[in-house]
Amino acid sequence: MRMTARPQNAHQARLLRLLRDEGPRSRAELGDVVRLSRSKLAVELERLVALGLVETAGLAASRGGRRSEIVRLAPGLRFVAFDIGATSVDVAVTDGELNVLGHLAEECDVRQGATVVLERALDLLGKLREQGLVPGAVHGTGIGVPGPVSFREGIPVAPPIMPGWDRFPVRAAIGQELGCPVLVDNDVNLMALGELHAGLARSVGDFLLVKIGTGIGCGIVVDGAIYRGVSGSAGDIGHIRVDDDGPVCACGNTGCLEAYFGGAALARDATEAARSGRSERLASLLGDRPALTAEDVATAAAGGDPVAVGLVREGGRHVGQVLAGLVSFFNPGLVIIAGGVAGLGHALLAEIRSVVYRRSLPLATGNLPIVLSELAGSAGVIGGVRLISDHVFAV
């Protein structure tokens with residue numbers, strides 16, 4: 001594996017993250033922030049230039065004396081993110097400042113197994129290379145998968161909706177293929193990092209990101225960092241039990257939140273409503289197809305179909321029921337609702353808000369915004385490159 005250049009001390013790491021997050025800065029501005037003497041700052045920057053991580057780019061405006069040089073991250077730095085969902089795979093390439101240079105996505109069933117899905121992701125990266133977006137080496141890759149992950153080992157562990165992925169060495173396999181550092185995390189954690197870096201949570205240190213997609217998960221951010229728990233399974237709220245007598249979940253238990261709501265459960269209930277004749281609108285959308293989708297429910301609900309609207313509200317009630325407990329326990333400063341099913345929009349959001357505000361402690365909800373993500377489909381890939389850049393730009 002090729003060695004990726006890394007900072008050699010904490011001062012260099014701080015400089016790199018500052019340039020990543022705030023863009024090019026003059027030497028004088030950098031000195032003010034990192035509190036280094038002019039000579040010490042010069043030494044550290046010269047080392048970063050020698051490592052190929054930063055470069056000088058002209059002169060800044062005068063602050064009353066000799067004009068200071070502008071310093072920026074090397075334009076050839078490239079980070080890559082693979083955001084693997086239950087039914088799709090997204091691949092993005094960014095520069096060192098995490099500006100997305102290229103982003104490709106395609107439908108892909110995670111149940112095809114690790115080898116097939118990761119090859120699809122690598123193929124998409126190959127297409128971005130063909131566009132000239134990766135002129136040299138990849139400096140790091142962040143990967144999200146829709147299941148529990150041992151973050152330390154970089155492997156999925158017994159993921160309910162990912163047959164064939166259990167303990168597959170994702171980090172090692174992609175690291176060997178691309179010759180760069182790789183980190184693997186749950187996809188919801190990456191989405192939370194994406195919101196922290198470029199979304200609604202940029203100024204919020206403690207928040208929850210609830211992803212409602214094929215399944216349901218929660219990214220937990222504490223003091224500006226992802227909280228993963230002891231073994232990496234923190235935030236797996238889709239398997240909190242709602243009702244002992246509920247439907248069987250993909251995990252094998254009964255009555256889980258995910259068994260009541262989420263893309264798979266919503267499609268199941270909508271298809272049953274169509275076939276039973278309870279909804280003419282859903283029946284017409286079903287036609288000769290084997291099953292409806294969450295998108296079909298959104299279409300029917302937007303058209304005023306009472307059965308579809310009822311399914312959305314019932315799902316929002318169940319999510320709100322679980323979220324109310326989490327809000328009382330965690331007391332976040334913000335809750336963001338994201339994922340494909342969040343596309344159901346304000347009808348879903350209104351029901352979730354209603355339940356949470358009604359059932360949680362007033363002290364916890366008095367100043368609590370519950371909002372829809374504004375990053376659309378890019379939260380996961382932005383979080384992926386944020387995750388790996390934090391790692392590369394660290395001692």
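Residues numbered from 1 in each chain as written. Predicted model: local features only at pLDDT ≥ 70, side-chain atom pairs only at ≥ 80, totals over all residues. Heavy atoms only, no water.

Visitor: I'm lost on the overall build of the chain in this one. Help?
Guide: Scanning the chain from terminus to terminus reveals 14 helices and 15 strands. For the chain, the C-alpha radius of gyration of 23 Å lies close to 21 Å, the compact-globule estimate for 395 residues. With the principal axes as the frame, the chain shows a C-alpha extent of 80 × 50 × 40 Å. Every one of the 395 residues in the chain was classed for burial, and the buried ones make up 52%. Separation between the mean location of the 38 positive side-chain charges and that of the 42 negative ones in the chain comes to 8 Å. (Helix = DSSP H or I, 4+ residues; strand = E, 2+ residues; numbered from the N terminus. Rg over C-alpha atoms; globule rule 2.2 N^0.38 Å. Buried < 20%, exposed > 50% of the residue type's maximum accessible area, 1.4 Å probe, protein only. Lys, Arg positive; Asp, Glu negative; His and termini not counted. Charge placed at Lys NZ, Arg CZ, Asp CG, Glu CD.)

Visitor: I keep staring at the pattern of salt bridges and nothing clicks. Help me out?
Guide: Close approach of charged atoms allows side chains with opposite charge to pair. In total, this model carries 19 salt bridges according to the counting rule given. Its salt-bridge partner being R111, residue D109 comes within 2.8 Å of it at the nearest N-O pair. The class for R111 is exposed, based on a relative accessible area of 58%. Between R268 and D269 there is a salt bridge, with its nearest N and O atoms 2.9 Å apart. A relative accessible area of 36% places R268 in the partly exposed class. For D269, a relative accessible area of 25% translates into the label partly exposed. One continuous salt-bridge network, built from bridges that share partners, spans R17, R20, D21, R386 and D390. (Salt bridge = Lys/Arg side-chain N within 4 Å of Asp/Glu carboxyl O.)

Visitor: Looking at this structure, how should I read helix α6 (residues 187-198)?
Guide: Across its 12 residues, α6 extends 16 Å between first and last C-alpha, which sits within 8% of the 16 Å expected from 1.5 Å per residue. By the burial criterion, the buried members of α6 are D187, V188, N189, L190, M191, A192, L193, G194, E195, L196 and H197. Between the side-chain oxygen at the start of α6 and the backbone nitrogen of V188 there is a gap of 2.8 Å, and the oxygen is on N186. (Expected span 1.5 Å × (residues − 1). Polar contact = N/O pair within 3.5 Å; in protein donor to acceptor, adjacent residues only side chain to side chain.)

Visitor: Before we go on, may I ask you to explain the packing of helix α11 (residues 306-330) against helix α12 (residues 346-359) in this structure?
Guide: For any two helices packed against each other, the geometry is given by the interaxial angle and the distance between the axes. Running from N to C, α11 and α12 cross one another at 40°; their axes reach a closest spacing of 7 Å. For the pair α11 and α12, the sense of crossing is right-handed. For the pair α11 and α12, the contacting residues are V312, R313, G316, R317, V319, G320, Q321, L323, A324 and V327 in the first and A347, L348, E351, I352, V355, V356 and R359 in the second. (Axes fitted to C-alpha atoms, helices over the stretch in contact; angles between N-to-C directions. Left-handed = near helix turned anticlockwise from the far one by under 90°. Contact = heavy atoms within 4.5 Å.)

Visitor: Whenever I open this one, the packing of aromatic side chains confuses me. Can you help?
Guide: Remark: the centre distance and the inter-plane angle together describe each pair of aromatic rings, the angle taken between the planes. Per the stated rule, a full pass over the model turns up 1 aromatic pair. One residue, R228, lies across the ring of F151, its end atom 3.8 Å from the ring centre. (Phe/Tyr/Trp six-rings, centres within 6.5 Å; stacked < 30°, edge-to-face > 60°. Lys NZ or Arg CZ within 6 Å of the ring centre and 35° of its normal.)

Visitor: How do you make sense of the pairing of strand β5 (residues 88-94) when you look at a structure like this?
Guide: Side chains on a regular strand alternate between the two faces of the sheet. Burial analysis of β5 places 6 of its 7 residues in the buried class, the great majority of the element. The pairing of strand β4 (residues 79-84) with β5 spans 6 bridges and is classified as antiparallel. Each bridged residue has a counterpart across the sheet, and for A81 the counterpart in β5 is A92. Between β4 and β5, which pair antiparallel and follow one another directly, the connecting turn spans 3 residues. (Pairing = 2+ DSSP bridges.)

Visitor: Would you mind going over the sheet that holds β5 with me for this structure?
Guide: Think of a sheet as strands paired side by side through backbone hydrogen bonds, with each pair either parallel or antiparallel. Read across the sheet, 5 strands follow the order β6-β5-β4-β7-β10 without closing on themselves; strand pairing throughout is mixed. With partners counted over all chains shown, the strands left at the sheet margins are β6 (100-107) and β10 (182-186), one partner each. Averaged over all pairs of adjacent strands, the angle between strand axes in this sheet comes to 15°, irrespective of strand direction. Sheet topology note: the strand β7 (residues 140-145)/β10 ladder contains 5 bridges and is parallel. Bridge pairing in β10 links G142 to L183. Strands β4, β5 and β6 of the sheet are contacted by helix α4 (residues 114-130), whose axis makes an angle of about 35° with β5. Along the sheet face, α6 touches β4, β7 and β10 and points at about 100° away from the line of β10.

Visitor: When you look at the pairing of strand β11 (residues 207-212) in this model, what are you seeing that I'm missing?
Guide: With respect to burial, β11 is a largely interior element, 6 of its 6 residues being buried. Burial along β11 is two-sided: F207, L209 and K211 facing one way and L208, V210 and I212 facing the other are all buried. Linking β11 back to strand β12 (residues 216-222) in an antiparallel pair, the connection comprises 3 residues.

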